[in-house]
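# Structural features, examined
One letter stands for each residue in the lines below.
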Amino acid sequence: MNKIIVIGSMATDFVVTTKVKPNQGETVFGEKFDTNFGGKGANQAIAASRLGAEVAMLGHVGTDRFGNEIVENLNVNGVSTENVEPVTHSPSGAAHIILHENDNSIIVIPGANNALDLARFSEIKGNITEADLVILQNEIPQEANEAIIDWCWEAKIPVLYNPAPARKLNPRMLSKVGYLTPNEHEFKLLFPNQKLADVLAAYPNRLIVTLGAKGAIFHNGKSEVLVPAFPVAAVDTTGAGDTFNGALAVGILAGVPLENAIAFANLAAAISVKGYGAQGGMPTLKEMKESPLYEEAWGIK
Ligand code: RIB
């Protein structure tokens, strides 16, 4: 079985659902409060694991009760946590999420996730050699991300880099990333003043820009391909991008054409938004195959 290693963040999501968003200095009543598992790294790891991949997580939690629960949740979802190390100097990662009109706004407090720095990466890099694909996001220090990309390039291990939340990247890194999956906002920060069509053509079969309800677009070397999203009534879009990335990794490692892998990822994301919480709606492979929208022709077993 192909092995995916996710190097990134784990968090507890503190979620407030509200009909009214407070203005500065104002207090309002919300509808409900939930505590869910999150963090883009953990979400992507669990999305891939539920879809049948062998997945290991690398990163840090705190020694608090949240850290223990995060590790247990990864294990329950079949993700190896041998390389998730608790640190004593920082609390576990947290995200404060406001759900309003079925969309979200998020404040991330990285906490222990920031312990995955250059020094730590040099200690653990030996554990990455067995990966068939490494997945990265932007919730660990950027210097670590860049060292990981460099190292994987040398080791010929492809990297799927989801540059979220948005932040700049040393342009030197772009040629070393196997798959880059920004949304439109992240795309603008990574490629300022450049036209989407030009950049897609410059990174054929590698740059996949997600377009929300429209789907995702890439260039196949001959022309642009828009892979449409599946229309669904969303109850919570938190983690939809993470589900997309985890599923895309599974599709890529299945060796199917990129267009099929993206269609598979679009369906996983569409199913995920029907459940509450970042991980609540993430489908298993069985649930995907039971969907009337699933296509055997995608070639994912
Ligand atoms: O992508 C959604 C995730 O972003 C949430 O689970 C939250 O933890 C933040 O990291």
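The shown structure was predicted, so the numbers you read here are calculated from the model rather than taken from an experiment.

## Let's talk about empty space enclosed by the protein
Applying the stated rule across the entire model yields 2 cavities of 30 Å³ or more. Around the largest cavity, the lining residues are Leu-174, Val-177, Leu-180, Phe-191, Tyr-203, Arg-206 and Leu-207. Its volume calculated, the second largest cavity comes out at about 30 Å³. Every residue along the wall of the second largest cavity is listed here: Ala-11, Phe-37, Gly-38, Ala-42, Ile-46, Ile-70, Asn-73, Leu-74 and Gln-279.

## Thoughts on the pairing of strand E6 (residues 94-100)
Of all 7 residues in E6, 5 are buried; the element is thus mostly enclosed. Here strand E2 (residues 11-17) pairs with E6 via 6 bridges, running parallel. Residue pairing in the sheet places Asp-13 in a bridge with Ala-95 of E6. Here 7 bridges tie E6 to strand E7 (residues 103-109), and the two strands are oriented antiparallel to one another. Bridge pairing in E7 links Ile-98 to Ser-105. Counting the residues between successive antiparallel strands, the hairpin from E6 to E7 contains 2 residues, one of them, Glu-101, with a positive phi of roughly 50 degrees.

## Looking at the site of the ligand
The ligand sits among Asp-13, Gly-38, Gly-39, Lys-40, Asn-43, Ala-95, Ile-106, Val-108, Glu-139, Gly-239, Asp-242 and Ala-278. One nitrogen or oxygen atom from the side chain of Asn-43 is found 3.0 Å from an oxygen atom belonging to the ligand. Expressed as a share of its isolated accessible area of 280 Å², the protein-covered part of the ligand is 96%. Among the cavities detected, the one that contains the ligand is the largest pocket. Taken together, the elements giving at least two residues each to the shell around the ligand come down to helix H1 (40-50) and E7. In terms of residue class, the shell around the ligand is made up of 4 nonpolar, 4 polar and 4 charged.

## Some words on the UniProt feature "binding site: K(+)" (unreviewed entry) in the protein chain
According to UniProt, the positions carrying the feature "binding site: K(+)" (unreviewed entry) are Asp-236, Thr-238, Ser-272, Gly-275 and Gly-277. The largest pairwise C-alpha distance within this set of annotated residues, which runs over 42 residues, is 9.5 Å, so the set is compact in three dimensions. From the list above, the largest pocket is lined by Thr-238. Mapped onto the elements, Thr-238 comes out in the loop between strand E13 (224-228) and helix H7 (240-253). We classify Thr-238 as buried; its relative accessible area is 8%. Look past the residues within four positions of Thr-238 in its chain and what remains in contact with it is Asp-13, Ile-97, Leu-99, Asn-104, Ile-106, Gly-277 and Ala-278. For Gly-277, the location among the structural elements is in the loop between helix H8 (258-272) and helix H9 (285-290). The buried category is assigned to Gly-277, whose relative accessible area is 5%. Setting aside chain neighbours within four positions, we find Gly-277 in contact with Asn-36, Asp-236 and Thr-238.

## Notes on helix H2 (residues 65-76)
Across its 12 residues, H2 extends 16 Å between first and last C-alpha, which sits within 8% of the 16 Å expected from 1.5 Å per residue. Taken together, the buried residues of H2 touch E2, strand E3 (32-38), H1, strand E4 (54-62) and strand E5 (79-87). Count one or two residues on from H2 and you reach Gly-78, which has phi positive near 80 degrees.

## Observations regarding the sheet that holds E6
With mixed pairing, the 4 strands of this open sheet are ordered in space as E3-E2-E6-E7. In this open sheet, the two strands that pair with only one neighbour each are E3 and E7. In this sheet, neighbouring strand axes are inclined to one another by 20 degrees on average, regardless of whether the strands run parallel or antiparallel. Bridge analysis of E2 against E3 gives 7 bridges, and the strand direction is antiparallel. The residue of E3 that forms the bridge with Val-16 is Phe-33. H2 contacts E2 and E3 of the sheet and is inclined by roughly 100 degrees relative to E2.

What counts, and where the lines are drawn
Residues numbered from 1 in each chain as written. Predicted model: local features only at pLDDT ≥ 70, side-chain atom pairs only at ≥ 80, totals over all residues. Heavy atoms only, no water. 1 Å grid on protein atoms, 1.4 Å probe; cavity = no way out; pocket = protein on both sides within 12 Å on 5 of 7 lines; lining within 4 Å. Points joined across faces, edges and corners; volume = space filled by probe spheres on them. Buried < 20%, exposed > 50% of the residue type's maximum accessible area, 1.4 Å probe, protein only. Helix = DSSP H or I, 4+ residues; strand = E, 2+ residues; numbered from the N terminus. Pairing = 2+ DSSP bridges. Near = heavy atom within 4 Å. Polar contact = N/O pair within 3.5 Å; in protein donor to acceptor, adjacent residues only side chain to side chain. Areas by Shrake-Rupley, 256 points an atom, 1.4 Å probe, with all protein chains shown as cover. Sits in = over half its atoms within 2 Å of the grid points. Nonpolar A, V, L, I, M, F, W, Y, C, P; charged D, E, K, R; others polar. UniProt positions renumbered as here; feature names shortened; annotations may be inferred. Contact = heavy atoms within 4.5 Å. Expected span 1.5 Å × (residues − 1). Axes fitted to C-alpha atoms, helices over the stretch in contact; angles between N-to-C directions.

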